Amino acid sequence: PTSAQVSVVPQPGRFRYTLDNNVLTTEQRQFYEDNGYLLIKKLVSDEDIERFRKEFVRICKKEVKIPGAMIMKNEALRSQYGQSEEVVNKVQDFQENQELFRYCSLPEVLKYVECFTGPNIMAMHTMLINKLPDSDKQTFLHPMHQDLHYFPFRPADLIVCSWTAMERADQDNGCLVVQPGTHKLPLKPHDYPKWEGKTNKLFHGLLDEDEKSPKVHLVMEKGDTVFFHPLLIHGSGINKTSGFRKSISCHFASSECYYIDVKNTTQEHLEKELVEIVHKKYNTTSVELR
């Protein structure tokens, strides 16, 4: 069910957000242009997804260690379940794991990525999300946000996220929710939501969310992949089922992108928070967001 009208009527004029090649149809380009995202059905094979799932379980059981990865867990569940997929809700920065990083170099994914970034591509940020069953606490609700908030590089139009459902994602298990057309807005200020006890580390959200802005729930089947712009406002609901909702994603950028200094911008406080985290973890002080 959607409350948004997404336009599919091609309008004459230059395309700003996609590059000329023979991969996307004019209708697909226009859809991304107007809405800031594009869903491609059955892009990643069941076989690949099964391999990613198996590797994720091995990481949860600590059979595999990934240098530099951030493994996010629900510590409250650890006494009950120990080291298992019942506890780990996210593996972030998995690029040093050869098996998971295969996702970032799948030809079928890169074929589409190139439509947004051009042919010189860098994988900038990787995540495997395992949305755990949730309660009234709404621990794993991700507030509406723009991904560019986390990225100290530009231009935004040469960055794209590829997000693949590893099983069916719908409103029951907390699918992605997007606000079509919001990729045309500037980067807005983000911070922790003012929710009582419902904030996850670094899960920042928009400070002034427009509740009236139409939202679309992206119902996706296993292997479906959505490509979206880093300024598109999106989030995800809670998982009300007893199963897990897994997805794997990578943010890609053109290697022509350049770093910016986030001092005196809305991203400055994010840099401060990350420096504190890295200082605690690695006992080092000379860190910048870039």
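Scroll up a little and you will see the structure.
Bear in mind the structure is a predicted one, so any value in this text is a computation, not a measurement.

## Concerning the pairing of strand E2 (residues 70–73)
- Going residue by residue along E2, you find Met70 and Met72 tucked away on one face and Ile71 and Lys73 left uncovered on the opposite face.
- Summarising the sheet, E2 and strand E3 (residues 88–92) pair through 4 bridges and their orientation is antiparallel. Along E3, the bridge assignment pairs Met70 with Gln92.

## What about the packing of aromatic side chains?
- Considering all chains together, one arrives at 7 aromatic pairs under this definition.
- Pairing Phe31 with Tyr37 gives two aromatic rings, centres 5.3 Å apart and planes at 90°, and the pair type is edge-to-face.
- Residue Tyr37 is classed as buried on the basis of its relative accessible area, which comes to 4%.
- Seen in terms of ring centroids, Phe153 and Tyr259 are 6.0 Å apart; in terms of plane orientation they differ by 85°. Their pairing is edge-to-face. Pair noted here: Phe153 is in strand E6 (residues 153–154) and Tyr259 is in strand E15 (residues 258–259), with a separation of 106 residues, a long-range link.
- By relative accessible area, Tyr259 is classed as partly exposed at 40%.

## Side note on the layout of surface pockets
- Put simply, the largest pocket is a space of about 1200 Å³.
- Along the walls of the largest pocket sit 50 residues, with Met70, Gln92, Asp93, His125 and Leu274 positioned nearest its centre.
- Those elements that provide at least two residues to the lining of the largest pocket are E2, E3, strand E4 (121–131), strand E5 (142–145), strand E7 (159–165), strand E13 (234–236), strand E14 (245–254) and helix H6 (268–282).
- Of all the elements, E4 adds the most residues to the lining of the largest pocket, at 8 residues.
- Of the residues in the lining of the largest pocket, the class split is 27 nonpolar, 14 polar and 9 charged.

## Describing the pattern of salt bridges
- With the rule as written, the count across this model stands at 15 salt bridges.
- Here Asp170 and Arg168 are joined by a salt bridge, their closest N and O atoms 3.0 Å apart.
- Several salt bridges share partner residues, and in doing so they unite Asp48, Arg51, Glu99 and Arg102 into one network.

## Some details on the side chain of Gln179
- Here Gln179 lies in the loop between strand E8 (176–178) and strand E9 (190–191).
- Using a relative accessible area of 2% as the deciding quantity, one classes Gln179 as buried.

Parameters and conventions
- Residue indices begin from 1 for each chain and proceed along its sequence in written order.
- Whole-chain, interface and lining totals are the exception, using all residues; otherwise, since this is a predicted model, local features are given only for residues with pLDDT of at least 70 and side-chain atom pairs are given and counted only at 80 or more.
- The basis for every side-chain value is the complete set of heavy atoms in the structure, and neither hydrogens nor water enter the calculation.
- For every residue, the accessible area (1.4 Å probe, protein chains only) is compared with the maximum for its type, and the residue is labelled buried under 20%, exposed over 50%, or partly exposed between those bounds.
- By definition, any uninterrupted DSSP run of H or I lasting at least four residues is a helix, any uninterrupted run of E lasting at least two residues is a strand, and each is numbered from the N terminus.
- Strand pairing follows a simple DSSP-based rule, namely that at least 2 bridges must link the two strands.
- Centres within 6.5 Å are what make two rings of Phe, Tyr or Trp a pair, Trp counting through its six-membered ring; a difference in plane orientation under 30 degrees is then read as stacked, over 60 as edge-to-face, and the rest as tilted.
- Using protein atoms alone on a 1 Å grid, points that fit a 1.4 Å probe yet trap it form a cavity, whereas open point sets bounded by protein on both sides within 12 Å along at least five of seven lines form a pocket; residues with an atom within 4 Å of a point count as lining.
- Grid points are joined across faces, edges and corners, and a volume is the space filled by probe spheres set on the points.
- Any residue that is not Ala, Val, Leu, Ile, Met, Phe, Trp, Tyr, Cys, Pro, Asp, Glu, Lys or Arg is counted as polar, Gly included; the first ten are nonpolar and the last four charged.
- Put simply, a salt bridge is a Lys or Arg side-chain nitrogen that is within 4 Å of an Asp or Glu carboxyl oxygen.

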